[in-house]
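The residues making up each chain are set out below.
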Amino acid sequence: MKNSFRALLAVVLLAGFPLLVLALVAAIVVVEVFAFRNRLSHGLEFAVFAAPATYVLLRALFTFDRAGDAPGLPITGEAQPELWALVREVAEAVGTAPPDEIRIMNRANAAVSERTHWFGLRVTGRTLLIGAPLFAGLRVTELRAVLGHEFAHYSNRDTRFAGATYRGGVAILRVLSGLDGASWFSLLLRPMFHVYGWVYFAVSARVSRDQELAADVAAAQVAGTAAATSALREIRALGAVWLVFAREYLLMGWDAGYLPDRPAEGYRRLLTDETRASETARPSQNPPEEKPSPFDSHPPTAERIRVFEAAGVIPGPGTENRPASELLRNAEAVLDTAWFADLSDEGRTKQRTDWDTLADVSSRHKFGELAAKVLRDRSVSDVLDALDAGRLADLADPDLPIPADADEQTRRQLVTESARVRLSFVALSQAAGAGGAQWTISWSKVDALLLTPRYNGTLFPAIDAAVAGDSAALRALLSEPNRVPSA
């Protein structure tokens, strides 16, 4: 009963949000009319504020009722009938309407996005978003649990008006994000809306947390307790791997003008790498205890797992313990397309290549740029001459942070190490240009360096010798090229 009241109050606040906007616009109009009647110059002066402020407010109002374009790759029922059949089955099981469209996106989560009118109170369309990483890492039963959870947000099973409360939170966050522009009008108006949002989430947070737990119950009912609990843990691991994949691999060749041609294969290989798996297994199997904020819309994962474990066991479908990717026809090609469905115009100009080639061109480009910064207008011979003369500072980072209280020995060690690292950039770029160095993809680290017999076992000792004041071995290895090859 208490939560029903909270949900009703949240809906009232939701309806009051556009009224606040309209009231502010009306106040500006009244002041503007009064200023013009008082004196024309006053009216013109106030109009400098009134016009852009009104624009910002009306934009906030229209943003409130617009979800924007859904990301990802559209998946039709004709192309993927098995996935659509599962989605419709789960939606019916939790007592809500199925989506109008399904999209696969390049994020490690799932969500339901709605198109609404009347400020989130009337739904005109629904889109289900499923992350490509979920197909790569979940079983069908776990994906069923994820879908059950997402659809349950809109079923109102647990609390009357809960669906509207959930939609309202999404809409208000959209408005607050839209007011994060750089204009001073947005900066002026933002605090008022942040206060309103603070009140809304203070009222609705408890409803949202209870709804999350109720959605978990729905997930267990449609997929079984074991699958629902496992899905919670696995999504944490998939999300951790996805962050590494996006940051270190997917865009590694961007600056060099390349993207991978098989991103789905790369994510799967990263996911199954033993080193990476050991990094993500512990936090996913034993989520850390988190102290929730009063405004958190989700209970901590550890608490949600405890609720599952304390509840009675609900058996799930016993015939669907297969990879979720098997729900898709031609899964690898579909997921490859989905990874890059939202590429920018610049991204569409990038060349596609295999992972090993991508690692090589990316590293060549990176070391070429680093070497160019080290050399500036100098030749390699000029740098080696400086080292032979003992002028380490000529090669060390000019912005090297050296503690003010460091003694002379410490200063020299810092300068020597900086010179060694920067000379390595130059030497590796030169070796790569001469065909002596190549990089291949490694899923345990970003890339793996391969050196030809001429350089293997000799290049890095020669670098050390050059930093120590004897560059003869390094000069011989590099055959004294005058300039670093262009990246």
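See the structure above.
Summary of the structure given here.

Each value, and the rule that gives it
- Residues numbered from 1 in each chain as written.
- Predicted model: local features only at pLDDT ≥ 70, side-chain atom pairs only at ≥ 80, totals over all residues.
- Heavy atoms only, no water.
- Helix = DSSP H or I, 4+ residues; strand = E, 2+ residues; numbered from the N terminus.
- Buried < 20%, exposed > 50% of the residue type's maximum accessible area, 1.4 Å probe, protein only.
- Contact = heavy atoms within 4.5 Å.
- Areas by Shrake-Rupley, 256 points an atom, 1.4 Å probe, with all protein chains shown as cover.
- Phe/Tyr/Trp six-rings, centres within 6.5 Å; stacked < 30°, edge-to-face > 60°.
- Lys NZ or Arg CZ within 6 Å of the ring centre and 35° of its normal.
- Lys, Arg positive; Asp, Glu negative; His and termini not counted.
- Salt bridge = Lys/Arg side-chain N within 4 Å of Asp/Glu carboxyl O.
- Axes fitted to C-alpha atoms, helices over the stretch in contact; angles between N-to-C directions.
- Parallel < 35°, antiparallel > 145°, perpendicular 65-115°, else oblique.
- Left-handed = near helix turned anticlockwise from the far one by under 90°.

### Some details on the overall build of the chain
Stage number 1. Within the chain, the regular secondary structure consists of 17 helices and eight strands.
Stage number 2. Counting every position in the chain, which comprises 487 residues, the buried fraction comes to 48%.
Stage number 3. Taking the intrachain contacts of the chain between residues at least 6 apart in sequence as the baseline, contacts between residues at least 24 apart amount to 76%.
Stage number 4. Summed over all atoms, the accessible surface of the chain reaches about 23800 Å², with 56% contributed by carbon and sulfur.

### Some words on the packing of aromatic side chains
Stage number 1. Applying the stated criterion to the full structure yields 10 aromatic pairs.
Stage number 2. Between F245 and W355, the ring centres sit 5.9 Å apart and the planes meet at 55°, which makes this aromatic pair tilted. Note that F245 is positioned in helix 8 (residues 225-250) and W355 in helix 13 (residues 355-375), a separation of 110 residues in sequence. For the pair F245 and W355, one class covers both residues: buried.
Stage number 3. Centre to centre, the rings of Y267 and W339 are 5.5 Å apart; their planes meet at 50°, and the pair counts as tilted. Of this pair, Y267 sits in helix 9 (residues 263-272) while W339 sits in helix 12 (residues 331-339); the two residues are 72 residues apart in sequence, bridging distant segments of the chain.
Stage number 4. Judged by its relative accessible area of 3%, W339 falls in the buried class.
Stage number 5. Grouping aromatic residues by their ring pairs yields a cluster made of W242, F245, Y249, Y267, W339, W355 and W443.
Stage number 6. Over the ring of W254 we find K350; its NZ or CZ atom is 4.6 Å from the centre of that ring.

### Re the side chain of E142
Stage number 1. Checked against the element boundaries, E142 lands in helix 5 (residues 140-152).
Stage number 2. Of the side chains bearing the opposite charge, R139 lies closest to the buried E142, which forms no salt bridge; the N-O distance is 5.8 Å.
Stage number 3. Other than its neighbours up to four places away in sequence, E142 contacts G137, A227, S230, A231 and E234.

### So, the pattern of salt bridges
If the charged atoms of two oppositely charged side chains come close together, the side chains can form a pair.
Stage number 1. Throughout the structure, instances matching the rule amount to 16 salt bridges.
Stage number 2. The residue R144 makes a salt bridge to E89 at a minimum N-O spacing of 2.9 Å. Here R144 is found in helix 5, whereas its partner E89 is found in helix 3 (residues 81-94), with 55 residues between them in sequence.
Stage number 3. Sharing partners across several salt bridges, the network here consists of R262, R268, E332 and D336.

### Comments concerning helix 12
Stage number 1. When we look at burial in helix 12, the residues that qualify are A331, V334, L335, D336, A338 and W339.
Stage number 2. Looking at the buried residues of helix 12, the elements they touch are strand 1 (73-75), strand 2 (101-105), helix 4 (132-137), helix 8 and helix 9.

### Focus: the packing of helix 8 against helix 11 (residues 301-310)
Stage number 1. The contact between helix 8 and helix 11 brings their axes to 10 Å, and the two run at 165°. Here helix 8 lies roughly antiparallel to helix 11, going by the angle between them. Helix 8 and helix 11 meet at a crossing whose hand is left-handed. For the pair formed by helix 8 and helix 11, the contact residues are T225, A228, T229, L232, R233 and R236 on the first element and T301, R304, I305, F308 and E309 on the second.

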